[in-house]
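# Coordinate inspection notes
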Amino acid sequence: PNIDRMAANGMRMKNAFVTTSLCSPSRASILTGLYAHRHRILDNSTLLPDTIPTFPVLLRNAGYRTGFIGKWHMGGTSDAPRPGFDRWVSFKGQGVYENPAFNIDGEQVRREGYVTDLITDYAMEFIERSKERPFFLYMSHKAVHAGFIPAPRHKGRYAGVRPPRPVSFDDTGANYRGKPDWVRRQRNSWHGVDGMYNKTTDFDQFYRDYCETVLAVDDSVGRLYQTLESLGMANDALVIFMGDNGFLFGEHGLIDKRCMYEPSIRIPMIACCPSLIRKGSVEERIALNIDIAPTMLDAAGLT
């Protein structure tokens, strides 16, 4: 309901895509506005070099108070603060859903609780403390990365529901006609519906766990807007909601991402700012993750 409300009050990008459907390369493209062959983050373990400019660095140089809170996931062995942020709350690699350890401005702090809620707590605190000056917040949830663990309040919400299966799910000659042999072989791999994550889960439970886990993200969006509204900022704050890659749920017998099939590269993207964007509008033109950096700088009046 909260993400739906955001779309109703803003613009939904009907055709939003990432240029590389993998976490770290896509995140680097969001921050830099560069394709992966330019920023060279080609896997999930390489740290984004300090020498490559990011739009938060430019915003901070222009007087914005900047904060990064959540999953950075570039350079899996480090959670150290990165350039461009006055406030830093993050963790190593993928992090964990329950009782995470955070790097808070260089200090290690272990917290009890559910990571989506804790990230939201830190984000709301940042907004409260930044209300007297222009600010930029990058709130980056761990959710909904596999393996999915729902918040306790959402666990079992969809128990017994049979998830839908796409037309291309079944292992039939018609479904694989004209496709590379690699696609069919993937069915029994980590990334296929018959071998999911080394056969540690089945498709229906996997899908239900995803749907229950994303509910806390929707709660987070609601809390964000409650905070903005209480501070009188909801009309003029530019908020962008997006994913760093799409996700396959059985299309072509695949799960996860990492390929150029449309479900893997297509992402949700909503932009909301009632004083700037017409409510309930839909943009048909293609929007990419590399468009975020120039868009944010343009909104701030920067080159």
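None of the values given here were measured: they were computed from a predicted structure.

Take the sheet that holds strand S11 (residues 281-288) next. What the four strands build is an open sheet, ordered S7-S10-S1-S11; its pairing is mixed. Strands at the two margins of the open sheet, each flanked by one partner only, are strand S7 (239-242) and S11. The mean angle between the axes of side-by-side strands here comes to 25°, regardless of whether they run parallel or antiparallel. Where strand S1 (residues 11-17) meets strand S10 (residues 269-272), two bridges bridge the pair, whose relative direction is antiparallel. When the sheet's bridge partners are listed, arginine 12 is paired in S10 with isoleucine 270. Packed onto the sheet, helix H9 (residues 203-230) meets S7 and S10 and runs at close to 180° relative to S7.

Where strand S3 (residues 87-90) and strand S4 (residues 101-104) come together, two bridges link them in antiparallel fashion. Following the sheet pairing, valine 89 is matched in S4 by isoleucine 104. Looking at chain direction, S4 and strand S5 (residues 107-110) are connected through four bridges and run antiparallel. In the strand pairing of S5, asparagine 103 is matched with glutamine 108. Counting the residues that bridge the hairpin from S4 to S5 gives two residues, and of these aspartate 105 lies at a positive phi of roughly 50°.

Criteria and cut-off values
- Residues numbered from 1 in each chain as written.
- Predicted model: local features only at pLDDT ≥ 70, side-chain atom pairs only at ≥ 80, totals over all residues.
- Heavy atoms only, no water.
- Pairing = 2+ DSSP bridges.
- Helix = DSSP H or I, 4+ residues; strand = E, 2+ residues; numbered from the N terminus.
- Axes fitted to C-alpha atoms, helices over the stretch in contact; angles between N-to-C directions.
- Contact = heavy atoms within 4.5 Å.

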